[in-house]
Amino acid sequence: MSAEPLILEKAYALCYRIYDVADEIDLEKARRAFSQDARRLKLSRENSQYIQLPNPPVAYELGRRVLALRGGPVTVDATARLFDHGAASIILAVPIPDGTSFEQLAGLADELYDSQALEALTGELIEGVRKTIAPAVHERRTWEQNESYTVLFVERIRGNPSAEDILARGDLARLLLGEVDSRPLSRGESEAVIQNRFSYSVDDLVVVDWNSAFVYEPSGSRDIPDLLEIANAQLLEFRFYDEVLDGHIARIHDQVQARRQGMMTLFRSPYRDLVRETLSTLVDLNEFIERVENSLKIIGDFYLAKVYEAAVRRLRIPAWQASVTRKHQLLAQTYGLLKGEVDTARSLTLEATIVALIVLEIVMALLPAFGH
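Residues numbered from 1 in each chain as written. Predicted model: local features only at pLDDT ≥ 70, side-chain atom pairs only at ≥ 80, totals over all residues. Heavy atoms only, no water.

Caption draft 1: Here's a closer look at the overall build of the protein chain. When its secondary structure is counted, the protein chain shows eleven helices and 13 strands. Here the protein chain, with 372 residues, has 47% of them falling under the buried criterion. Here the analysis covers contacts within the protein chain between residues at least 6 apart in sequence; of these, 78% occur between residues at least 24 apart. (Helix = DSSP H or I, 4+ residues; strand = E, 2+ residues; numbered from the N terminus. Buried < 20%, exposed > 50% of the residue type's maximum accessible area, 1.4 Å probe, protein only. Contact = heavy atoms within 4.5 Å.)

Have a look at this one:
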């Protein structure tokens with residue numbers, strides 16, 4: 001006899017689209033630009049004091065919008081959240097109809113993961129946010145890519161099942177993958193998807209995957225979705241600066257390959273502008289790494305910290321961070337070599353000037369003799 005299906009009684013799909021909009025955002029100025037209704041993020045769960053947010057993100061309600069889905073238009077609640085390291089998040093809370101089964105939810109999740117209508121709506125909303133916070137941003141920019149993540153946030157399931165019941169009766173791997181094919185997933189694939197699962201009590205559950213998460217939280221606390229959003233914002237920034245470093249390293253290579261030849265290059269290095277640009281990039285990167293790494297600090301090993309650290313691993317943030325660090329070191333070494341070239345050219349110019357002055361002094365001393 002098959003297990004009775006799990007039926008949702010109160011649930012939302014929290015759809016995140018996170019954009020890089022600036023080098024830095026003055027959050028207090030941004031809060032005033034929105035209105036006094038804007039609020040700073042504050043975790044509410046027990047022991048949340050062991051997770052510190054030195055400069056908490058600012059959130060502002062954007063009101064209700066209509067999202068076009070295959071089953072018809074749906075009214076969603078939209079929120080903007082800003083991070084001091086330059087990221088801005090648009091969150092759409094999509095209500096899941098009461099009575100929806102897990103199997104039906106998988107179909108909705110599959111649509112939301114790649115919804116073009118959702119991309120268009122969040123793109124429209126982020127443009128409005130950019131204009132509103134313009135006075136609060138430093139070095140505004142527009143990067144074509146964004147970071148997407150979906151949290152299936154469930155507050156109530158019919159019968160109030162335990163976490164073990166949900167794991168046993170609900171195919172969470174299929175749900176998080178948005179897999180609507182009738183063929184069952186392999187055991188290895190299913191286990192890989194749900195391996196990062198956590199429960200604080202017997203009746204709550206979190207399963208974190210790379211593109212989505214399932215959160216069963218009868219208390220209604222959104223601390224875990226908030227932490228997942230912070231992790232995705234960090235991932236976005238590392239991806240952005242990884243691309244920036246790729247571009248700068250490629251530019252250095254092209255300019256070195258195309259360097260001018262001739263006597264003048266002995267006295268004026270063709271790399272002077274490149275050295276200044278490289279130094280500016282290194283300084284900006286150092287500030288960026290500090291802001292991102294300081295956006296959240298863990299000072300205790302407890303439930304929320306475990307979930308956050310699992311999300312960091314699953315999103316492969318350490319790999320992106322290592323890539324940025326490696327390219328940063330390569331750029332620093334390249335800067336040293338280029339600066340050596342510039343210093344050599346400057347020394348040659350100084351030495352040539354000294355020689356010219358000596359020759360001029362000798363000539364001026366000999367001129368009277370030639371005059372006689």
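Back to the text.
Caption draft 2: The arrangement of the sheet that holds strand 6 (residues 72-82) in detail. Pairing within the open sheet is mixed, and its nine strands lie in the order 3-5-6-7-1-9-12-11-10. This sheet does not close on itself; its edge strands, each paired only once, are strand 3 (39-40) and strand 10 (197-198). (Pairing = 2+ DSSP bridges.)

Caption draft 3: Representation of the confidence of the model for the protein chain within the structure. Within the protein chain, residue pLDDT values average 85, and 87% of them lie at 70 or more. Segment residues 262-267: pLDDT under 50, and seven contacts once partners within four positions in sequence are set aside and those in other chains are kept. (pLDDT = per-residue confidence, 0-100.)

Caption draft 4: Layout of the pairing of strand 7 (residues 87-96). Along strand 7, nine of the ten residues are buried, which leaves the element largely enclosed by surrounding structure. Where strand 1 (residues 8-20) meets strand 7, ten bridges bridge the pair, whose relative direction is antiparallel. Its bridge partner being in strand 7, Y19 is matched across the sheet by A88. Across six bridges, the pairing between strand 6 and strand 7 is antiparallel.

Caption draft 5: Here's a closer look at the environment of S48. Mapped onto the elements, S48 comes out in the loop between strand 3 and strand 4 (51-52). Sequence-wise, S48 and D223 are 175 residues apart; in three dimensions their C-alpha atoms are separated by 8.7 Å. Excluding residues within four positions of it along the chain, S48 makes contact with L43, F302 and L304.

Caption draft 6: Focus on unusual backbone geometry. In the Ramachandran plot, E139 falls in the positive-phi region, its phi being about 55 degrees despite a non-glycine side chain. With respect to the helices and strands, E139 occurs in strand 8 (residues 137-140). A positive phi angle, close to 50 degrees, is found at N160, a residue other than glycine.

Caption draft 7: A look at the pattern of salt bridges. Tallying each qualifying case throughout the model produces 20 salt bridges. Across the pair R81 and E229 runs a salt bridge whose closest N-O atoms are separated by 2.3 Å. Of the two residues, R81 sits in strand 6 while E229 sits in helix 7 (residues 223-257), which places them 148 residues apart along the sequence. A relative accessible area of 2% places E229 in the buried class. Its salt-bridge partner being D246, residue K327 comes within 2.7 Å of it at the nearest N-O pair. Taken together, the residues span a long stretch of sequence, with K327 in helix 11 (residues 317-371) and D246 in helix 7 at a distance of 81 residues. (Salt bridge = Lys/Arg side-chain N within 4 Å of Asp/Glu carboxyl O.)

Caption draft 8: Up close: a nonpolar patch on the surface. On the surface, a nonpolar cluster with roughly 640 Å² of combined accessible area is contributed by V355, L357, V359, L360, V363, M364 and L367. By the secondary structure assignment, M364 is in helix 11. (Patch = residues over 30% accessible without salt bridge, like charges linked within 9 Å, V, L, I, M, F, W, Y side chains within 5 Å. Areas by Shrake-Rupley, 256 points an atom, 1.4 Å probe, with all protein chains shown as cover.)

Caption draft 9: Quick look at helix 10 (residues 303-314). Helix length check: helix 10, at twelve residues, gives a terminal C-alpha distance of 17 Å against a target of 16 Å (1.5 Å per residue), a fit within 8%. At the exit of helix 10 stands R316, carrying a positive phi of roughly 65 degrees. (Expected span 1.5 Å × (residues − 1).)

Caption draft 10: Main features of the side chain of R17. Inspection of the secondary structure assignment puts R17 in strand 1. Among the polar contacts listed, one links the side chain of R17 to the side chain of E119, at a separation of 2.8 Å. The residues contacting R17, other than those within four sequence positions of it, are A88, S89, I90, L112, Y113, L118, E119, T122, N146, E147, S148 and Y149. (Polar contact = N/O pair within 3.5 Å; in protein donor to acceptor, adjacent residues only side chain to side chain.)

Caption draft 11: Summary view of helix 1 (residues 27-34). Within helix 1, burial applies to L27, A30, R31 and F34. Considered in projection along helix 1, the buried side chains sweep an arc of 105 degrees and stay on one side of the axis. Where helix 1 is buried, its residues contact strand 2 (22-25), strand 3, strand 5 (58-69), strand 6 and helix 3 (116-132). Between the side-chain oxygen of the N-cap and the backbone nitrogen of E28 there are 3.2 Å, and the N-cap of helix 1 in question is D26. (Arc of directions from axis to C-beta.)

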